[in-house]
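If you want the building blocks of each chain, they are given just below.
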Amino acid sequence: MPELAVLLAAFAVVLGLARLAGAAAVRLGQPAVAGEILCGVALAPLLRLLPGSAGLALTALAQLGLVLFLFAAGAHLAPSMTRARLKSAVVPALGATLVPFALGAVLAVWLAQRHARAGSGAFVIVVAAAMAVTALPVLARILAERGLSDAITGQRALSAAAVSDVVAWTALAIAAASRHGWSVTSAWPALAAIAVPCLALEGVRRRAARLSRPSATAVLAGLACAAAAATEAAGLHPAIGAFFAGVVLGHAVPELDPAALLAPAGSLLVPLYFVLIGRQVDLGLLDAGLAADIAAVVGVAVLGKLGGAYLGARCGGLDPHPAGVFAVLMNTRGITEIVFAGIGLNLGLVDGALYTAMVVMALVTTAMTGPLLTRLSRQREGV
């Protein structure tokens, strides 16, 4: 069979099965990404039988989906990063970021001997940052479904999640840079990743009113790919450049609504990414030692995020019940955590065993959110 036919058939089958698995997970009250990851685990033996060229093409399509998805996620952060919102959320955000980061660093020191691929320094930064992540796209969807988008607790959660995610992604970029031994002369591609969207802002802003929707989508997709290419050339991950370009452009040209324009394309392709990284979850590694590591990762993630966010919210002036809701919302890891862990694995900063533990943690913490919010709501109503 011609290679192009194999590629197109594989794309159709994988994407179709990913969508079905995601829909099944949603029907069970879980995020779609859970089904997509499990689909990847199940399809791993078949995906390994694909010709090399077809596998590379599928990987390229998956990476494009990830770039567009994270650009849209970065742009989605921008409205939550206004001065007024950040000022009201700064204390809760500090608790929800610094406490899990610190506990994650302690955990990483314990895990480093068994799982650090590229030295303990970068490993500690990545694991600590992974504990601080909140899945803002999933969080925004939960708030909308529960009618909390306009509530003070919901707005503070979005702003605090923006702070946590920017800190975490910055830490990941630093860890990746240290992994590749950056110097002043070798840093220019990453600086270009920041400069590309910034230099293009004026031209985009001047023509924003005259751009049709297809033209605006093409311009933004081009900028996302350019920023991603720059960080890839620097030895980092392309998603890092796409994320920060989305933050910049989402804040600078909100009238174009970059998140809404690129989210459909990203949502179409990103399930392919989750299926392909799902095959990297190696259940054959599961033994008593890894089971203990998984329990430790999940325990520290939940304790750090729930405890830190609750403490920060109380210090920020929220009453106990709203502070509890805020803490539960901030514990949502979802897609962002899995992408974060996958990038750490691809960069060689963590090994496959710890990656598996982080995926389990992301699924567990996200699965907890709905039941805990329901329980808090019933407690308030006295049921």
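**Q** Quick rundown of the pattern of salt bridges? Include the residues and the values.
**A** Tallied over the full model, the rule gives 1 salt bridge. The partner of Arg-114 in a salt bridge is Asp-293, with the nearest N and O atoms 2.8 Å apart. With Arg-114 in helix H4 (residues 83–115) and Asp-293 in helix H12 (residues 288–315), this pair connects stretches of sequence that are 179 residues apart. According to the relative accessible area criterion, Asp-293 is buried, its value standing at 2%.

**Q** Lay out the packing of H12 against helix H13 (residues 320–330) with the relevant residues and their values.
**A** Remark: H12 packs on H13, axes separated minimally by 8 Å, with the N-to-C direction vectors making an angle of 140 degrees. Between H12 and H13, the crossing angle belongs to the class labelled oblique. The chirality of how H12 crosses H13 is right-handed. Contacts between H12 and H13 pair Lys-305, Leu-306, Ala-309, Tyr-310, Ala-313 and Arg-314 from the former with Pro-320, Ala-323, Gly-324, Phe-326, Ala-327, Val-328 and Met-330 from the latter. Of the residues that constitute the contact of H12 with H13, the class distribution is 10 nonpolar, 1 polar and 2 charged.

**Q** Break down the nonpolar core for me, with residues and values.
**A** With 102 residues, the main nonpolar core has Leu-70, Trp-169, Phe-274, Val-339, Phe-340 and Leu-354 as its most contacted residues. Per-element tally for this core: the top contributor is helix H7 (residues 152–179), with 12 residues. Judged by nonpolar contacts, the second largest core, of 16 residues, contains Leu-223, Ala-242, Leu-261 and Leu-262.

**Q** Explain the side chain of Thr-369 residue by residue, including any values.
**A** Mapped onto the secondary structure, Thr-369 falls in helix H15 (residues 352–381). Looking at Thr-369, its side chain comes within polar contact range of the main-chain oxygen of Thr-365, at 3.3 Å. The residues touching Thr-369, leaving out its near neighbours within four places in the chain, are Ile-142, Val-328 and Thr-332.

**Q** Provide a residue-level description of a nonpolar patch on the surface, including the pertinent values.
**A** On the surface, Val-90, Val-91, Leu-94 and Leu-98 cluster together to form a nonpolar patch covering roughly 330 Å² of accessible area. Turning to its location among the elements, Leu-98 is positioned in helix H4. Since its relative accessible area comes to 51%, Leu-98 is described here as exposed.

**Q** Describe the packing of aromatic side chains, with residues and values.
**A** Under the definition given, this model contains 3 aromatic pairs. Note on Trp-169 and Phe-243: the rings are 5.2 Å apart at their centroids and 20 degrees apart in plane angle, and the pair reads as stacked. Here Phe-243 lies in helix H10 (residues 238–252) and Trp-169 lies in helix H7, a separation of 74 residues in the sequence. Under the relative-accessibility criterion, Phe-243 is labelled buried at 2%.

The rules we used
Residues numbered from 1 in each chain as written. Predicted model: local features only at pLDDT ≥ 70, side-chain atom pairs only at ≥ 80, totals over all residues. Heavy atoms only, no water. Salt bridge = Lys/Arg side-chain N within 4 Å of Asp/Glu carboxyl O. Helix = DSSP H or I, 4+ residues; strand = E, 2+ residues; numbered from the N terminus. Buried < 20%, exposed > 50% of the residue type's maximum accessible area, 1.4 Å probe, protein only. Axes fitted to C-alpha atoms, helices over the stretch in contact; angles between N-to-C directions. Parallel < 35°, antiparallel > 145°, perpendicular 65-115°, else oblique. Left-handed = near helix turned anticlockwise from the far one by under 90°. Contact = heavy atoms within 4.5 Å. Nonpolar A, V, L, I, M, F, W, Y, C, P; charged D, E, K, R; others polar. Core = buried A, V, L, I, M, F, W, Y, C linked by side-chain atoms within 4.5 Å. Polar contact = N/O pair within 3.5 Å; in protein donor to acceptor, adjacent residues only side chain to side chain. Patch = residues over 30% accessible without salt bridge, like charges linked within 9 Å, V, L, I, M, F, W, Y side chains within 5 Å. Areas by Shrake-Rupley, 256 points an atom, 1.4 Å probe, with all protein chains shown as cover. Phe/Tyr/Trp six-rings, centres within 6.5 Å; stacked < 30°, edge-to-face > 60°.

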